[in-house]
Amino acid sequence: MDQAPGSPPQGPPNQEPHGSGELPVCYRHPDRETGIRCTRCERSICPECMVNASVGFQCPECVRSSSGTGHAPAASTPRTLAGGTVTADPRLLTKVLIGVNLALFLVQLSVGDRFTDRFDLLGRAYVPLLGGIEGIAEGQWYRLLTSMFLHVNYIHILFNMLSLWWIGGPLEAALGRARYLALYFVSGLAGSALTYLLADANQPSLGASGAIFGLFGATAVLMRRLRYDMRPVIALLVINLIFTFGWGNIAWQAHIGGLVGGVVVGYAMVHAPRERRVLVQYGVCAVVLAAVVLMTVLRTAQLT
């Protein structure tokens, strides 16, 4: 609606006019359109970033530099879509995870099969190099975790680390470090547990694929939440599933378990209501971990 010169503005204070086409986006959350502007610097801010001031709203930066107006600085810490803290290096944990995988692969190359046989995923079997019956059923539950950081050969680790960089980096930036790390480990453990439950007890398995498929699943959920074009991630996921079921010597159980775990946890991360966000997000992680424990207990009972 047009306004006559000199007439008072219509609508809430600091709100953008609606007749100019697309709304601007929040300067800290480019995926969010907003009609609110900071009363001091006039930058566009979304509802999560705006801080009540004596007149209108202010952005967190202006609140920090002000003299006692608005909320305390801690209350206006920049947050990701999932509620995580925005950091200077949004890919730090992805780099750390890649570094850990590469370091352990070097150890595998240096020490040999004796190291790999001690830490890969194995249900229950006699291992000649270790001289005895080994496996998760023998109480070696740590294999569910350690197997996530071991790889068979150069091609295996190269493919997984490239996937981790391409998928993990943007997802870490969107979720925040703590939630991203929880997603990674819960998805990986879900893949390990399903492998232990369904695969042959004497068939060893290793690789970061379960966790990475979890990141794929969470990325699909995130893109749907942001209403992005889903076709690229769906095409990539379909290609990976074709390789999963069409290529020999691939533990499809790890891929499917990780994918399901990633979708479930990812949905909780990006759709949790703000007032109960932490409870819902980490509560769902706990539920998936409980399922991991249940599958492990059931399989152990079968093998012992």
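Residues numbered from 1 in each chain as written. Predicted model: local features only at pLDDT ≥ 70, side-chain atom pairs only at ≥ 80, totals over all residues. Heavy atoms only, no water.

We now examine the packing of helix α2 (residues 92–111) against helix α5 (residues 154–175). Where α2 contacts α5, the two axes come as close as 8 Å, and the packing angle between them is 165°. One finds that α2 runs roughly antiparallel with respect to α5. Relative to α5, the crossing made by α2 is right-handed. Counting all contacts with α2, which are made through Leu 92, Leu 93, Thr 94, Lys 95, Leu 97, Ile 98, Asn 101, Leu 102, Phe 105 and Leu 109, the residues of α5 involved are Tyr 154, Ile 157, Met 161, Leu 164, Trp 165, Gly 168, Gly 169 and Glu 172. Here the contact of α2 with α5 is composed, by residue class, of twelve nonpolar, four polar and two charged. (Axes fitted to C-alpha atoms, helices over the stretch in contact; angles between N-to-C directions. Helix = DSSP H or I, 4+ residues; strand = E, 2+ residues; numbered from the N terminus. Parallel < 35°, antiparallel > 145°, perpendicular 65-115°, else oblique. Left-handed = near helix turned anticlockwise from the far one by under 90°. Contact = heavy atoms within 4.5 Å. Nonpolar A, V, L, I, M, F, W, Y, C, P; charged D, E, K, R; others polar.)

Structurally, Ile 167 can be placed in helix α5. Considered as a pair, Ile 167 and Ala 218 are 51 residues apart in the sequence and their alpha carbons are 9.7 Å apart. Not counting residues within four places of it along the chain, the set of residues in contact with Ile 167 comprises Leu 215, Phe 216, Thr 219 and Leu 236.

What follows deals with empty space enclosed by the protein. What the rule picks out here adds up to one cavity of 30 Å³ or more. For the largest cavity, the calculated volume is near 40 Å³. In terms of lining, the largest cavity is formed by Leu 121, Leu 122, Gly 123, Thr 195, Tyr 196, Ala 199, Asp 200, Ala 201, Gln 203 and Arg 299. Classifying every residue of the lining of the largest cavity by side-chain character gives five nonpolar, three polar and two charged. (1 Å grid on protein atoms, 1.4 Å probe; cavity = no way out; pocket = protein on both sides within 12 Å on 5 of 7 lines; lining within 4 Å. Points joined across faces, edges and corners; volume = space filled by probe spheres on them.)

If a residue is not glycine, its phi is most likely negative; likewise, a peptide bond is most likely trans. Notably, Glu 42 is not glycine yet its phi reads approximately 65°, a positive angle. The residue Glu 42 is located in the loop between β1 (36–37) and β2 (44–45) in this model. On the basis of relative accessibility, which here comes to 49%, the residue Glu 42 falls in the partly exposed class. For Arg 227, which is not glycine, the phi dihedral falls at a positive 60°. On the secondary structure map, Arg 227 appears in the loop between α7 (209–225) and α8 (231–246). (Buried < 20%, exposed > 50% of the residue type's maximum accessible area, 1.4 Å probe, protein only.)

A volume near 1100 Å³ is recorded for the largest pocket. Lining the largest pocket are 47 residues, and of these Val 152, His 156, Asn 249, Ile 250 and Ala 251 lie nearest its centre. When contributions to the lining of the largest pocket are tallied by element, the ones reaching two or more residues are α2, α3 (113–119), α5, α6 (177–198), α7, α8 and α9 (252–271). If one sorts the elements of the lining of the largest pocket by residue count, α7 sits on top with six residues. Its boundaries defined by the atoms lining it, the second largest pocket holds a volume of some 480 Å³. Asp 31, Thr 80, Pro 170, Ala 173 and Ala 174 are the residues nearest the centre of the second largest pocket, which is lined by 26 residues in total. Mapped onto the lining of the second largest pocket, the elements with two or more residues apiece are α5 and α7. Among the elements that make up the lining of the second largest pocket, the one with the highest residue count is α5 (seven residues).

Our focus in this paragraph is the nonpolar core. The tendency in soluble globular proteins is for nonpolar side chains to be buried side by side. Membership of the largest hydrophobic core comes to 47 residues, with the highest contact counts inside it found for Leu 164, Leu 171, Tyr 184 and Leu 215. Listing elements by their share of this core, those giving two or more residues are α2, α5, α6, α7, α9 and α10 (277–303). If you tally residues by element for this core, the top one is α6, at ten residues. Contact partners of Leu 171, with chain neighbours within four places excluded, come to Tyr 180, Leu 183, Leu 215, Ala 218, Thr 219 and Leu 222. (Core = buried A, V, L, I, M, F, W, Y, C linked by side-chain atoms within 4.5 Å.)

Here we take up the environment of Phe 213. Within the secondary structure, Phe 213 sits in helix α7. For the pair Phe 213 and Leu 237, spaced 24 residues apart in sequence, the C-alpha separation works out to 8.4 Å.

Time to look at the packing of aromatic side chains. Under the defined criterion, the tally for this structure stands at six aromatic pairs. Here the aromatic rings of Phe 149 and Phe 185 are separated by 6.0 Å at their centres, their planes lie at 45°, and the arrangement is tilted. In this pair, Phe 149 sits in the loop between α4 (143–146) and α5 while Phe 185 sits in helix α6, placing the two residues 36 residues apart along the sequence. Its guanidinium or amino end placed over the ring of Tyr 27, Arg 43 lies 4.4 Å from that ring's centre, counting from NZ or CZ. The ring of Trp 165 is capped by Arg 91, whose NZ or CZ atom sits 4.4 Å from the centre of that ring. (Phe/Tyr/Trp six-rings, centres within 6.5 Å; stacked < 30°, edge-to-face > 60°. Lys NZ or Arg CZ within 6 Å of the ring centre and 35° of its normal.)

Turning our attention to the side chain of Thr 296. As for its placement among the helices and strands, Thr 296 is situated in helix α10. Once you skip the residues sitting within four places of it in the chain, Thr 296 turns out to touch Ile 136, Trp 141, Leu 144, Ala 193 and Tyr 196.

So, on to the pattern of salt bridges. Evaluated as defined, the whole model comprises eight salt bridges. For the salt bridge of Arg 32 with Asp 31, the shortest nitrogen-to-oxygen distance reads 3.9 Å. For Arg 32, a relative accessible area of 14% gives the class buried. Residue classification places Asp 31 among the partly exposed residues on the basis of a relative accessible area of 31%. Where Arg 124 meets Glu 138, a salt bridge forms, and the shortest distance between an N and an O atom there is 2.5 Å. Separated by 14 residues along the polypeptide, Arg 124 in the loop between α3 and β5 (125–127) and Glu 138 in the loop between β6 (132–134) and α4 bring together distant segments of the chain. When its relative accessible area of 33% is taken as the criterion, Arg 124 is described as partly exposed. Taken together, the salt bridges that share partners define one network made up of Asp 120, Glu 134 and Arg 143. (Salt bridge = Lys/Arg side-chain N within 4 Å of Asp/Glu carboxyl O.)

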